[in-house]
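These are the residues of each chain, in order.
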Amino acid sequence: MIKDFDNIIIKTVCRILTPFLQIFALYVIAHGHYSPGGGFQGGCILGASFILLVIAYDIDTVKKRMSEKLNTVMCSLGVIIYAGIGLTCLILGANYLDYGILHRVLPVDAVKARAMGTLGIEIGVGITVMSVMISIFLNIASGGKHEEGAID
Amino acid sequence: MIILSIILIITGVFFFFTATFGLLRFPDFYSRLQATGKGDTLGSLLMLAGLALYNLSSGISLASILVSVKLLLIAVFIFIANPTATHALTRAGQDAGVEPWTKEEKSK
């Protein structure tokens, strides 16, 4: 039961802060091998930025930016990136997710290829975690109906 | 520079202490929010400024300046987000019908 929560302070601050949250999430994903963070944490922050928009505005505003269809596609896309990099290593003759072998297809040496492989995996994980977070929140908050406002 | 950062951090700890004291001792929802909203914001601002200064005191290089700028960015984020969160909580409490505390209520 949420009333018409038409508050200009909360809406403005959430609208201004959301891009910075998303940039920070990308930083956490991309900087994951040198500092705390990685795909899961960055994906959670990305998902939380959309959840913040749902709380400040309503579900329709977020579904205009991130539709249900796009969300499901991105949820699968992350898994495909993850499994695709792993299977590429397998096809090239190494173990599953053994990124060092990727230097045969990438124009870098084995050490760089390992770092690039890790980054690719983390991007895939981040995309999936973000979509699943948004999907879980939208389904719980609206009782599976995906209508505006919130639970009655 | 170290002395200045120590002064800033101790002032920040003092504001955190008063905020927690207010949270524990004030009588109702709104006054507790008022204590924590103001005290936490100022306390974390002062402590982050002190930590940024302390980080610079061991030698100014590009890496240490970068770390200090990140700390100040956290401070700016808290300065925007914390009062807004307090405002949202107060509005939610008002919409849910939380009554403010008065003296008459206590004497009953």
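Residues numbered from 1 in each chain as written. Chains lettered and ligands numbered in written order. Predicted model: local features only at pLDDT ≥ 70, side-chain atom pairs only at ≥ 80, totals over all residues. Heavy atoms only, no water.

Draft legend 1. The state of the cysteines, seen in detail. Residue and element names in this part refer to chain A. Throughout the structure, instances matching the rule amount to zero disulfides over all chains. The thiol of C44 is unpaired, and the distance to the nearest cysteine sulfur, on C75, comes to 13 Å. In this structure C44 comes out as partly exposed when scored by relative accessible area, which is 34%. (Disulfide = S-S within 2.5 Å. Buried < 20%, exposed > 50% of the residue type's maximum accessible area, 1.4 Å probe, protein only.)

Draft legend 2. Molecular detail of the packing of helix α1 (residues 8–30) of chain A against helix α2 (residues 39–56) of chain A. All names here are of chain A. Relative to each other, α1 and α2 sit at 170°, their axes nearing to 8 Å. With respect to α2, the element α1 is oriented roughly antiparallel. Here I10, K11, C14, T18, L21, Q22, F24, A25, V28 and I29 of α1 come into contact with α2, specifically with Q41, G42, G43, I45, L46, S49, F50, L52, L53 and A56. The class makeup of the residues in the contact of α1 with α2 is 13 nonpolar, six polar and one charged. (Axes fitted to C-alpha atoms, helices over the stretch in contact; angles between N-to-C directions. Helix = DSSP H or I, 4+ residues; strand = E, 2+ residues; numbered from the N terminus. Parallel < 35°, antiparallel > 145°, perpendicular 65-115°, else oblique. Contact = heavy atoms within 4.5 Å. Nonpolar A, V, L, I, M, F, W, Y, C, P; charged D, E, K, R; others polar.)

Draft legend 3. Geometry of the side chain of T41 of chain B. Residues and elements named next belong to chain B. Along the chain, T41 falls in helix α2 (residues 29–57). Of the residues examined, T41 reaches a relative accessible area of 8% and is grouped as buried. If near-sequence neighbours (up to four positions away) are discounted, T41 is found in contact with T36, I78, F79, N82 and P83.

Draft legend 4. The arrangement of the pattern of salt bridges in detail. All names here are of chain A. Taken as a whole and assessed by the stated rule, the structure comprises one salt bridge over all chains. Measuring nitrogen to oxygen at the nearest pair gives 3.6 Å for the salt bridge that ties R114 to D98. A residue pair is termed long-range when its members are at least 10 positions apart, and R114 in helix α5 (residues 110–141) and D98 in the loop between α4 (68–92) and α5 qualify at 16 residues. For R114, a relative accessible area of 43% corresponds to the partly exposed category. (Salt bridge = Lys/Arg side-chain N within 4 Å of Asp/Glu carboxyl O.)

Draft legend 5. Quick look at the packing of aromatic side chains. Residue and element names in this part refer to chain B. All chains considered together, the criterion is met by four aromatic pairs over all chains. When the ring of F14 is compared with that of F15, the centres are 5.7 Å apart and the planes differ by 70°; the resulting orientation is edge-to-face. Arranged with centres 5.4 Å apart and planes meeting at 75°, the rings of F29 and Y30 form a pair that is edge-to-face. Classification of F29 by relative accessible area gives partly exposed; the value is 32%. A relative accessible area of 19% means that Y30 is categorised as buried. (Phe/Tyr/Trp six-rings, centres within 6.5 Å; stacked < 30°, edge-to-face > 60°.)

Draft legend 6. Summary view of the interface of chain A and chain B. Listed by partner, the interface residues are eight residues for chain A and ten residues for chain B. Of the roughly 840 Å² buried between chain A and chain B, counting both surfaces, carbon and sulfur atoms make up 70%. Run the count over chain A and chain B and you get zero salt bridges. Counting the contacts that link chain A with chain B gives one residue pair in polar contact (both at pLDDT 80 or more). Of the residues assigned to the side of chain A that touches chain B, the class counts are six nonpolar, one polar and one charged. (Buried area = accessible area lost by both parts, 1.4 Å probe. Polar contact = N/O pair within 3.5 Å; in protein donor to acceptor, adjacent residues only side chain to side chain.)

Draft legend 7. Quick peek at the side chain of S64 of chain B. Residues and elements named next belong to chain B. Inspection of the secondary structure assignment puts S64 in helix α3 (residues 62–95). What makes S64 buried here is its relative accessible area of 11%. A polar contact is formed between the side chain of S64 and the backbone nitrogen of S61, at a distance of 3.1 Å.

Draft legend 8. Region of the structure containing unusual backbone geometry. Residues and elements named next belong to chain A. The backbone of L97 shows a phi angle near 65°, a positive value even though the residue is not glycine. By the element assignment, L97 lies in the loop between α4 and α5. Using a relative accessible area of 22% as the deciding quantity, one classes L97 as partly exposed.

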